[in-house]
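Residues per chain, in single letters:
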Amino acid sequence: MNMENETIIMAEQRSQRYKDSDYQDYQTAVRELILYPDYGPFYGIMGVVAAIVFSSIGSAYGTAVSGTGIAATAVMRPELIMKSIIPVVMAGIIAIYGLVVSVLISGTLNTAATYPVAKGYVHLAAGLSVGMCGLASGYAIGVVGDVGVRNTAQQPRLFIGMILILIFSEVLGLYGMIVAIYLYTKDI
């Protein structure tokens, strides 16, 4: 109770010290600290990192898992190697989505004095959007690519179905990039 009274008294004394003109300067300084804190660019930088890292992890996973299916198919049917490489190419495109968004975001990064924290939050959301969608898409491409390539070697009529499923898996990453670019263009 005593501590609360001291805090109230100190706040009243502080507010009495500021005259009208000084108080306006005080309000402006507080507003600047709230809108442009020193840690504001951190969120934008984390958006850049999330975009490229998560989408690259998804791309690497899709490439690795699909690659094992290609290696197994090459043993049984070497003439299908070029047809079987499609999942690897599609997995590689996922990393490009993250690269595009991370370059866009990093192009607008600035010092803490000119980079608002709200923009940092939006850039973090954009990076997470494309990164997580790329991670999920790469996982789906890897699983579908591995199983699809192996089974296409045994039954060639499965090839069109595999391609359609790969397209639906790839478009998940594209959706994340579209949302990320939309968020990037928003002024908050």
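Residues numbered from 1 in each chain as written. Predicted model: local features only at pLDDT ≥ 70, side-chain atom pairs only at ≥ 80, totals over all residues. Heavy atoms only, no water.

**Some remarks on the nonpolar core**
A general feature of soluble globular proteins is that nonpolar side chains tend to end up buried together.
For step 1, the next point in the chain: Val101, Val130, Ile141, Met162 and Leu166 are the most contacted members of the largest nonpolar core, which has 19 residues in total.
For step 2, the next point in the chain: At the level of secondary structure, the elements contributing two or more residues to this core comprise α3 (40-76), α5 (86-108), α6 (117-154) and α7 (159-185).
For step 3, the next point in the chain: Beyond its immediate chain neighbours, meaning those up to four positions away, Leu166 contacts Ile86, Pro87, Met90, Ile141, Val144 and Gly145. (Core = buried A, V, L, I, M, F, W, Y, C linked by side-chain atoms within 4.5 Å. Buried < 20%, exposed > 50% of the residue type's maximum accessible area, 1.4 Å probe, protein only. Helix = DSSP H or I, 4+ residues; strand = E, 2+ residues; numbered from the N terminus. Contact = heavy atoms within 4.5 Å.)

**Side note on the environment of Gly131**
For step 1, the next point in the chain: If you trace the backbone, Gly131 turns up in helix α6.
For step 2, the next point in the chain: Classification of Gly131 as buried rests on a relative accessible area of 0%.
For step 3, the next point in the chain: For the pair Gly131 and Gly176, spaced 45 residues apart in sequence, the C-alpha separation works out to 7.5 Å.
For step 4, the next point in the chain: With residues near it in sequence (within four places) discarded, Gly131 still touches Ala50, Ala51, Phe54 and Ser55.

**Some words on the packing of aromatic side chains**
For step 1, the next point in the chain: On inspection of all chains with the given rule, the structure shows 4 aromatic pairs.
For step 2, the next point in the chain: Plain terms: the ring middles of Tyr39 and Tyr43 are 6.2 Å apart, the flat faces sit at 80° to each other, and that makes the pair edge-to-face.
For step 3, the next point in the chain: Taking the relative accessible area as the measure of exposure, Tyr39 reaches 47% and is therefore partly exposed.
For step 4, the next point in the chain: With 5.2 Å between their ring centres and 20° between their planes, Tyr61 and Tyr139 make a pair best called stacked. Pair noted here: Tyr61 is in helix α3 and Tyr139 is in helix α6, with a separation of 78 residues, a long-range link.
For step 5, the next point in the chain: The ring of Phe159 carries the charged tip of Lys83 above its face, separated from the ring centre by 4.5 Å. (Phe/Tyr/Trp six-rings, centres within 6.5 Å; stacked < 30°, edge-to-face > 60°. Lys NZ or Arg CZ within 6 Å of the ring centre and 35° of its normal.)

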